[in-house]
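Summary of the model geometry
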Amino acid sequence: MAQFSIEDIIAAVNDLPALPQVVLKIMDLTQDPRATAQDIGNVISHDQALTARVLRMANSAYYGYPRKVATAAEATVLLGFSTIRSVVLAASINDILNRELSGYALGVGEMWKHSFGTAMASRHIAKRCRFKAIEVAYTAGLLHDIGKVILNNFMKQTYHEVVAVATTEQISFLEAENRVLGFNHAVIGSRVARKWQLPAEIVEAIAFHHNPAGAEKNPLLTACVHVSEALCTSMGLGGGLDGMLYPISKNAIELLGLGGQDIEDIAYELSDVMIELAQGS
Ligand SMILES: [Fe+2]
Ligand SMILES: [Fe+2]
């Protein structure tokens, strides 16, 4: 049995830093119709590390702009408000996701790759399915496994137990977490999202990313994240040992109206992202 309680985990969630002030400010501004790219650029440029990351992303091969983007305001014009919002969020939680998650047998950077890949796949699917809020899908994809970061600290002692249960019972890590710990990374992740005051539909998508049938507020968004993660896993951007035991929900694919050709196209587009990730950019 686990040597710690749900209270221990909740306390760990509470210890997690709030999203930096600058990120909250950008989130507000990018949703304000009166805000200009210059306003947003000004806020970003007050944070040197954030500016560097925004420029690096704007200049990355993925966006394919022919000339160099030199200022945060310019990056905002080129990428658009909603993309800049997800870029800023991604940059600010990059450090959290880049840690080694030894409890899940994930090396440094692996969680970042899995999360970023899922976010990119979510964006592709959201575009394909003509979602109104494409960047919400990106954010939900990026954060879907954030609960693992929290649970990892506790998993160190009980990891072998979770693996043993998953292997002998032939069940997913999620179910094994439930058996050994009494809760799972999806539940803990949704708590983190709530603490960060993210929209309720993102909280839900994180909570149900392995069980999309449970979503009520925005089943399409949850289905999108579920299918994206499965696609990433099948392409090798998996979550380590935890990647292999999750069945993909046929209902989720149907709900999104994706055919075999769509899945192939999205996988093809994703291979560009994977090349970029492999190059470490
Ligand atoms: Fe995942
Ligand atoms: Fe997960």
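Everything numeric here is computed off the predicted structure, so don't read it as measured data.

When its secondary structure is counted, the protein chain shows 15 helices and zero strands. Against the globule reference of 19 Å for 281 residues, the protein chain gives a C-alpha radius of gyration of 18 Å, in line with a compact fold. Principal-axis analysis of the C-alpha atoms gives the protein chain an extent of 55 × 45 × 35 Å. Sorting the 281 residues of the protein chain into buried and exposed places 52% on the buried side. Within the protein chain, contacts between residues at least 6 apart in sequence are counted, and of these 66% link residues at least 24 apart. Just so you have it, the protein chain exposes about 12900 Å², and 53% of that area is on carbon and sulfur atoms.

A few words on the packing of aromatic side chains. Scanning the entire structure with this criterion turns up one aromatic pair. The interplanar angle of 15° and the centroid separation of 5.4 Å between the aromatic rings of Trp112 and Phe116 together place this pair among those described as stacked. Remark: Phe116 and Trp112 occur in helix H7 (residues 110–128); sequence separation between them is four residues, near one turn of the helix.

The next subject is unusual backbone geometry. Glycine aside, residues mostly have negative phi, and peptide bonds are mostly found in the trans state. In this model, Arg130 sits at a positive phi of 55°, which is unusual for a non-glycine residue. By the element assignment, Arg130 lies in the loop between H7 and helix H8 (134–143). Given the relative accessible area of 73%, Arg130 is considered exposed.

Let us now look at the coordination of the iron ion (ligand 1). Within the first shell, the iron ion (ligand 1) binds the protein through His114 (NE2), His144 (NE2), Asp145 (OD) and Glu229 (OE), at distances of 1.8 to 2.2 Å. Around the iron ion (ligand 1) sit four donor atoms; with metal-centred angles ranging over 88 to 173°, the donor geometry is irregular. Binding-site remark: the iron ion (ligand 1) is held by donors from one chain whose sequence spacing is H-x29-H-D-x83-E. A separation of 3.6 Å is found between the iron ion (ligand 1) and the iron ion (ligand 2), both of which receive a donor from Asp145. Residue His114 is located in helix H7, and its partner Glu229 is located in helix H13 (residues 219–234); the two are separated by 115 residues in the primary sequence.

This part covers the coordination of the iron ion (ligand 2). Surrounding the iron ion (ligand 2) are the protein donor atoms Asp145 (OD), His185 (NE2), His209 (NE2) and His210 (NE2), which sit 2.1 to 2.2 Å from the metal. Taken together, the four donor atoms surrounding the iron ion (ligand 2) define angles of 83 to 173° at the centre, an arrangement classified as irregular. Donor residues for the iron ion (ligand 2) sit on one chain with the sequence pattern D-x39-H-x23-H-H.

This part covers the packing of helix H1 (residues 6–15) against helix H11 (residues 185–195). It is at 10 Å that the axes of H1 and H11 come closest, and there the two elements cross at 35°. Note on packing geometry: the crossing formed by H1 with H11 is right-handed. Residues Ile9, Ile10, Val13 and Asn14 of H1 touch H11, and the partners they reach there are Ile188, Arg191, Val192 and Lys195. Residue composition of the contact of H1 with H11, grouped by class: five nonpolar, one polar and two charged.

Another point: helix H5 (residues 72–79). Burial in H5 covers these residues: Ala72, Ala73, Ala75, Thr76 and Leu79. Burial along H5 is one-sided: seen end-on, the buried residues are contained in an arc of 160°. Where H5 is buried, its residues meet helix H3 (37–45), helix H4 (48–58) and helix H6 (81–97).

This paragraph deals with H6. The end-to-end C-alpha distance of H6 is 24 Å, a good match for the 24 Å that 17 residues give at a rise of 1.5 Å each. Of all the bends found along H6, the most pronounced is centred on Ala91 and spans about 30°. Counting buried positions along H6 yields 14 of 17 residues, so the element is predominantly enclosed.

If you trace the backbone, Ser60 turns up in the loop between H4 and H5. Ser60 sits in the buried class, given a relative accessible area of 11%. With 216 residues separating them along the chain, Ser60 and Glu276 place their C-alpha atoms 8.4 Å apart.

As a packed pair, H6 and H7 sit with axes 10 Å apart at the nearest point and diverge in direction by 160°. With respect to H7, the element H6 is oriented roughly antiparallel. In the packing of H6 onto H7, the handedness of the crossing is right-handed. Across from Thr83, Ser86, Ala90, Asn94 and Leu97 in H6, the residues of H7 making contact are Met111, Trp112, Ser115 and Arg123. Partitioning the contact of H6 with H7 into residue classes produces four nonpolar, four polar and one charged.

Conventions used here
- Residues numbered from 1 in each chain as written.
- Chains lettered and ligands numbered in written order.
- Predicted model: local features only at pLDDT ≥ 70, side-chain atom pairs only at ≥ 80, totals over all residues.
- Heavy atoms only, no water.
- Helix = DSSP H or I, 4+ residues; strand = E, 2+ residues; numbered from the N terminus.
- Rg over C-alpha atoms; globule rule 2.2 N^0.38 Å.
- Buried < 20%, exposed > 50% of the residue type's maximum accessible area, 1.4 Å probe, protein only.
- Contact = heavy atoms within 4.5 Å.
- Areas by Shrake-Rupley, 256 points an atom, 1.4 Å probe, with all protein chains shown as cover.
- Phe/Tyr/Trp six-rings, centres within 6.5 Å; stacked < 30°, edge-to-face > 60°.
- Donors = N, O, S within 2.8 Å, 3.2 Å for Na, K, Ca; no water.
- Tetrahedral: all angles 85-135°; square planar, octahedral: opposite > 155°, others 65-115°.
- Axes fitted to C-alpha atoms, helices over the stretch in contact; angles between N-to-C directions.
- Left-handed = near helix turned anticlockwise from the far one by under 90°.
- Nonpolar A, V, L, I, M, F, W, Y, C, P; charged D, E, K, R; others polar.
- Arc of directions from axis to C-beta.
- Expected span 1.5 Å × (residues − 1).
- Bend = angle between axes of the 7 residues up to and from the residue.
- Parallel < 35°, antiparallel > 145°, perpendicular 65-115°, else oblique.

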